[in-house]
Amino acid sequence: MLHILSKRIAFLVCKETDDIPFEIYVYGFELLLSSLIETGAIILIGCLFGKFLETILFLLSFSSIRFFSGGYHAKSYLRCFIVTLISYFLILLMTDTLSYLSPNYIALIAFTIIIYSLILFIKICPVRSNGKTIFNPQKQKMLSIIVLCINMILAIALLIIYQNIILIIVLPTVFIVDALIIIEKINQGVEKNEKENQ
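Residues numbered from 1 in each chain as written. Predicted model: local features only at pLDDT ≥ 70, side-chain atom pairs only at ≥ 80, totals over all residues. Heavy atoms only, no water.

(A) Local environment of the overall build of the chain. Check the secondary structure of the chain and you find seven helices and zero strands. Secondary structure elements in the chain, listed N-terminal to C-terminal, are α-α-α-α-α-α-α. When burial is assessed residue by residue, the chain has 35% of its 198 residues classed as buried. Counting only contacts in the chain whose residues sit at least 6 apart along the sequence, the fraction spanning at least 24 positions is 72%. (Helix = DSSP H or I, 4+ residues; strand = E, 2+ residues; numbered from the N terminus. Buried < 20%, exposed > 50% of the residue type's maximum accessible area, 1.4 Å probe, protein only. Contact = heavy atoms within 4.5 Å.)

Here is the structure:
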């Protein structure tokens, strides 16, 4: 259905004199529509749960880090949607759990996640799905580390300044991004082993 809708939009936009192939238009509209549907659904769920601000923080943090770090990518738009929704619900659950902890425990968890994530990002990022990347890998690695640090520093600084527990949503978000990086790395190892054994 998404493909059919994207094709119809591409027919409206694409001109016969365009240098860009029609398939590129279709693919671009598929990505755009799937992203809009996914983001809209997450914002709607966030509103229904009374977590609008947390949802916006999740989307900003998750998207900015994942853009550069890479990680698991589902093989279809539906699977991507389901994985993203599951990730979002897990993050909300972890955020609620963290909110019951004392500031000292939150600080310890934040420190642990920061150190673990930095090591992970330095060692294996960017993790390209299907070998695709839009940047030089070294530049992408550096950008992923910078974006990770900006997210963590901003969240911790704002948490300290404003004492607003909403900002701890960044911690489980980074944790889930770490998990998606590891899952993709494991998938790549499994696929490599399967190809070698054929």
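(B) Quick look at helix 4 (residues 77-99). For helix 4, with 23 residues, the first-to-last C-alpha span of 33 Å sits near the 33 Å given by 1.5 Å per residue. Among the residues making up helix 4, those that are buried are Thr84, Leu85, Ser87, Tyr88, Ile91, Leu92, Thr95 and Leu98. (Expected span 1.5 Å × (residues − 1).)

(C) Molecular detail of the nonpolar core. In this structure, Phe58, Ile65, Phe121, Met152, Leu171, Val174 and Ile181 are the most contacted members of the largest nonpolar core, which totals 34 residues. The set of elements that each furnish at least two residues to this core consists of helix 2 (22-48), helix 3 (52-69), helix 4, helix 5 (103-124), helix 6 (137-162) and helix 7 (170-196). Take this core: its biggest share by element is seven residues, from helix 7. With near-sequence residues (within four places) excluded, Phe58 lies in contact with Ile42, Ser63, Tyr88, Ile91, Ile169 and Thr173. (Core = buried A, V, L, I, M, F, W, Y, C linked by side-chain atoms within 4.5 Å.)

(D) Structural view of the packing of helix 2 against helix 4. Two numbers describe how helix 2 lies on helix 4: the axes approach to 11 Å, and their chain directions differ by 30°. With respect to helix 4, the axis of helix 2 lies roughly parallel. For helix 2 against helix 4, the interelement crossing comes out right-handed. Facing helix 2, whose interface residues are Tyr27, Glu30, Leu31, Ser34, Ile37, Glu38, Ala41, Ile42, Ile45 and Gly46, helix 4 presents Tyr77, Cys80, Phe81, Thr84, Leu85, Tyr88 and Phe89. In terms of residue class, the contact of helix 2 with helix 4 is made up of 12 nonpolar, three polar and two charged. (Axes fitted to C-alpha atoms, helices over the stretch in contact; angles between N-to-C directions. Parallel < 35°, antiparallel > 145°, perpendicular 65-115°, else oblique. Left-handed = near helix turned anticlockwise from the far one by under 90°. Nonpolar A, V, L, I, M, F, W, Y, C, P; charged D, E, K, R; others polar.)

(E) Just a nonpolar patch on the surface, in detail. A cluster of nonpolar side chains, Leu78, Ile82, Ile86, Leu90 and Leu93, forms an exposed patch at the surface whose accessible area comes to about 480 Å². In this fold, Ile82 is placed in helix 4. Residue Ile82 is classed as partly exposed on the basis of its relative accessible area, which comes to 41%. (Patch = residues over 30% accessible without salt bridge, like charges linked within 9 Å, V, L, I, M, F, W, Y side chains within 5 Å. Areas by Shrake-Rupley, 256 points an atom, 1.4 Å probe, with all protein chains shown as cover. Salt bridge = Lys/Arg side-chain N within 4 Å of Asp/Glu carboxyl O.)

(F) Structural context of the packing of helix 2 against helix 3. At a minimum axis distance of 7 Å, the contact between helix 2 and helix 3 shows a crossing angle of 150°. In terms of orientation, helix 2 and helix 3 fall into the roughly antiparallel class. The element helix 2 and its partner helix 3 pack so that their crossing is right-handed. In this structure, helix 2 contributes Thr39, Ile42, Ile43, Gly46 and Cys47 to the contact, and helix 3 contributes Phe52, Thr55, Ile56, Phe58 and Leu59.

(G) Structural context of the packing of aromatic side chains. One pass over the full model with this rule turns up five aromatic pairs. Judged by centre distance (5.9 Å) and plane angle (70°), the ring pair of Phe49 and Phe89 falls under edge-to-face. Of the two residues, Phe49 sits in the loop between helix 2 and helix 3 while Phe89 sits in helix 4, which places them 40 residues apart along the sequence. Every member of this aromatic cluster is reached through a ring pair, and the members are Phe49, Phe58, Phe62, Tyr88 and Phe89. (Phe/Tyr/Trp six-rings, centres within 6.5 Å; stacked < 30°, edge-to-face > 60°.)

(H) Structural view of the confidence of the model for the chain. Of all residues in the chain, 87% attain a pLDDT of 70 or more, and the chain-wide mean is 82. In the model of the chain, helix 1 (residues 2-13) stands out as the element of lowest mean pLDDT, 75, in contrast to helix 4, which has the highest, 88. (pLDDT = per-residue confidence, 0-100.)

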